[in-house]
Amino acid sequence: MTTRYRVEYALKTHRRDQLIEWIKGLLAVPFVLHSQPTAVFEPNGQTVEQMASVAQRRYAEIMRDVEEIVNDHINHQKVGTEDRSKLKLLVPTVANFFTPLALHDAFIWQDQRRFISYRRFVPPSFNDIRLVLNTAQIMSLVRGGPLELVTFDGDVTLYDDGQSLTPENPIIPRILRLMRNGSKIGIVTAAGYTEARRYSERLYGLLEALHTSDFPQDIKQNLVIIGGESNYCFKYSGDTPDLLKLVPGKDWLLDEMMLWSETDITELLDLAEASLRDTVKNMRMQAMVVRKDRAVGIIPQDGYKFSRETLEETVLIAQKVLELSPVGRRLPFCAFNGGNDVFVDIGDKSWGVLACQRFFGGIEGGKTLHVGDQFLSAGANDFKARLACTTAWIANPAETVQLLDEIAELDEIQQRKTR
Ligand code: IMP
Ligand code: MG
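One numbering rule holds for all chains: residues counted from 1, following each sequence as written. Both sets of labels track the order of writing: A upward for chains, 1 upward for ligands. In keeping with the model being predicted, local features are shown solely for residues with a pLDDT of at least 70 and side-chain atom pairs are shown and tallied solely at 80 or more, while totals for entire chains, interfaces and linings include all residues. Derived side-chain values reflect all non-hydrogen atoms in the structure, with water molecules and hydrogen atoms excluded from consideration.

- The name that an unreviewed UniProt entry assigns to the chain is IMP-specific 5'-nucleotidase 1, with the source organism given as Melanomma pulvis-pyrius CBS 109.77.
- UniProt positions are given in the numbering used here, feature names are shortened, and annotations may be inferred rather than shown by experiment. Per its UniProt entry, the chain bears the Subunit (unreviewed entry) comment "Homotetramer."
- Under the UniProt heading Sequence similarities (unreviewed entry), the entry covering the chain gives this text: "Belongs to the ISN1 family."

Spelled out as structure tokens, the structure:
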């Protein structure tokens, strides 16, 4: 029987974030009750300001309640009973939180910028709530003490898909500001290359800016790049021409990662490659298969654009095949849709972030923020970073700039308070 449940489940879950959808549902109630769409053509009622102030109060009250439900979940986490929290019953896919979330204050902050409460026809949306969650996360991080490590995804987060971090990129001065304030920086990207030169070609704007900055040498050293999700590590060295140098495995690999055997790696990549080839054939895709040491992927033949549906189908098949295989249970892997390519990498970004934390001497998840664009539960690679640290979900590089500006503004406010 094709029930509505099955259709929703099979077709939608990998494209939905259940926590966001749940909050959206809660906010729909005050929207229905307090927005005044008829005021547009019947001007004698409430003013838009009056309406917005009532709606804002109601929305903010709900966000306060959600904040408390998250705190209750955190209390359960502390004693190992998170499976029994109220939040877990309401949102079964919810993971653990590394910090509380300042949802009430974050809602007011975003409402002052996005005028959510002023809207009469468009209810609080997925994007409104995603941005409120980001603000709530950074508010809690900034209030809770110094942000020790910020890790960034590459494509779509620092620069447009497939592009490079060029010198005029407005993210550069903002990353330098974080470094000047003592935060360590990691770039945790799927892009997997074995040579420093390839990363230095893609990140040269940032590397050059750091090189020519007046920062003391020890601050300059606070930048690492983890490539292929969690397979290669390079650090800023200042040695020309690449400005980067390979970090030996013993300085960054976690003990568990040392146990990943070459035989398992080959077996998993063989299986992934066979699945990708099969889908390429069945879906008549104009694709080339790329096999690397620690990854296998398909990329389009020149100028060709795959449809979103085809890319997702390819990822979901590979993911399922690997999940069900014995080697896929032994070895972490990450299958994802890169926008116009599909890759299966050994390891994932949770290991990438953990490696950065270890490299910098053991930074905690609650003092680390990972910024990325891929947070859907399947076919996305930043999602796994949630296992290692707090996260912010951005939609494009301009939103990363905004997020970093928000951190700077919140830092200012915090410093004024403690002065
Ligand atoms: P990210 O957004 O920085 O994680 O980069 C993802 C993109 O890197 C993918 O969409 C690919 O286009 C590219 N890429 C290059 N080499 C690899 C690899 O070995 N594994 C996965 N992605 C790769
Ligand atoms: Mg990305």
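Side note on the coordination of the magnesium ion (ligand 2)
Here is step 1: With distances of 2.2 to 2.3 Å, the protein atoms coordinating the magnesium ion (ligand 2) are Asp153 (OD), Asp155 (O) and Asp373 (OD).
Here is step 2: Each metal site lists N, O and S donors within 2.8 Å (3.2 Å for Na, K and Ca). With water left out of the atoms, a site can look as if it is missing ligands. Within one chain, the residues serving as donors to the magnesium ion (ligand 2) are arranged as D-x1-D-x217-D. Highlighted residues: Asp155 in the loop between strand E1 (149-152) and helix H7 (171-180) and Asp373 in the loop between strand E10 (368-372) and strand E11 (390-393), separated in sequence by 218 residues.
Here is step 3: Classification of residues uses two cut-offs on accessible area relative to the type maximum, computed with a 1.4 Å probe and protein chains only: under 20% is buried, over 50% is exposed, and between them is partly exposed. On the accessibility criterion, Asp155 (19% relative accessible area) is buried.
Here is step 4: Asp373 gets classed as buried once you look at its relative accessible area, which sits at 18%. In this description a helix means any DSSP run of H or I spanning at least four residues, a strand means any run of E spanning at least two, and both kinds are numbered starting from the N terminus.

Regarding the site of ligand 1
Here is step 1: Any residue with a non-hydrogen atom lying within 4 Å of a molecule or strand is treated as near it. In the vicinity of ligand 1 lie 16 residues, with Asp153, Thr189, Lys292, Asp341 and Asp345 positioned nearest.
Here is step 2: In protein, a polar contact requires one atom able to donate a hydrogen and another able to accept it; more generally it is a pair of N or O atoms within 3.5 Å, and residues adjacent in sequence count only if both atoms are side-chain atoms. In this structure, an oxygen atom belonging to ligand 1 sits 3.1 Å away from a side-chain N or O atom of Lys349.
Here is step 3: Contacts to ligand 1 include Asn381, whose side-chain N or O atom sits 3.2 Å from an oxygen atom.
Here is step 4: Values of accessible area rely on a 1.4 Å probe in the Shrake-Rupley scheme; residue burial ignores everything except the protein chains shown. For ligand 1, whose free accessible area comes to 500 Å², the fraction covered by protein is 91%.

Section: the packing of helix H5 (residues 103-114) against helix H15 (residues 397-418)
Here is step 1: Close contact between H5 and H15 brings their axes to 14 Å; oriented N to C, the two are set at 125°. For the element pair H5 / H15, the angle class is oblique. Crossing handedness for the pair H5 and H15: right-handed. Counted together, Trp109, Gln110 and Arg113 of H5 and Glu406, Glu409, Leu410 and Ile413 of H15 form the full contact between these two elements.
Here is step 2: Under the grouping applied here, Gly and all other residues not named as nonpolar or charged are polar, the nonpolar ones being Ala, Val, Leu, Ile, Met, Phe, Trp, Tyr, Cys and Pro and the charged ones Asp, Glu, Lys and Arg. Grouping the amino acids of the contact of H5 with H15 by side-chain chemistry returns three nonpolar, one polar and three charged. Here an axis means a line fitted to C-alpha atoms, over the contact stretch when the element is a helix, while the angle between two N-to-C directions is reported on a 0 to 180 degree scale. Each angle gets one of four labels, with under 35 degrees taken as roughly parallel, over 145 as roughly antiparallel, 65 to 115 as roughly perpendicular, and the rest as oblique. Two helices that cross are described as forming a left-handed crossing if the nearer one is turned anticlockwise from the farther one by less than a right angle, and a right-handed crossing if clockwise. Note on definitions: a residue-residue contact is assigned when non-hydrogen atoms from the two residues lie within 4.5 Å.

As for the sheet that holds strand E8 (residues 333-337)
Here is step 1: Strand order in the open sheet made by the four strands is E6-E7-E9-E8, with antiparallel pairing throughout. In this open sheet, the two strands that pair with only one neighbour each are strand E6 (287-291) and E8. With strand direction ignored, the average angle separating the axes of adjacent strands in the sheet is 15°.
Here is step 2: For two strands to be treated as a pair, DSSP must find no fewer than two bridges joining them. Two elements, strand E7 (residues 295-300) and strand E9 (residues 342-346), share four bridges in a ladder whose sense is antiparallel. If you follow Ile298 over to E9, its bridge partner there is Val342.
Here is step 3: Along the sheet, helix H11 (residues 262-282) contacts E6, E7, E8 and E9; its crossing angle with E7, the most-contacted strand, is approximately 20°.

So, the side chain of Asp373
Here is step 1: The charge count treats Lys and Arg as positive and Asp and Glu as negative. His and the chain ends do not count. The salt bridge criterion pairs a side-chain nitrogen of Lys or Arg with a carboxyl oxygen of Asp or Glu, the two atoms within 4 Å. Summary of buried charges: Asp373 has no salt-bridge partner, and the nearest side chain of opposite charge, Lys349, is 6.3 Å away.
Here is step 2: Apart from residues no more than four positions distant in its own chain, Asp373 is found in contact with Asp153, Asp155, Val156, Thr157, Asp382, Trp393 and Ile394.

Structural notes on the pattern of salt bridges
Here is step 1: One pass over the full model with this rule turns up 25 salt bridges.
Here is step 2: As a salt-bridge pair, Arg330 and Asp264 come within 2.9 Å of each other at their nearest N and O atoms. Here Arg330 is found in helix H13 (residues 326-330), whereas its partner Asp264 is found in helix H11, with 66 residues between them in sequence.
Here is step 3: Exposure remark for Asp264: the relative accessible area of 14% places this residue in the buried category.
Here is step 4: In this structure, the salt-bridge partner of Asp270 is Arg291, at a minimum N-O distance of 2.9 Å. In this pair, Asp270 is assigned in helix H11 and Arg291 in strand E6, connecting sequence segments 21 residues apart.
Here is step 5: What you see here is one network of salt bridges that share partners, running through Asp270, Glu273, Arg277 and Arg291.

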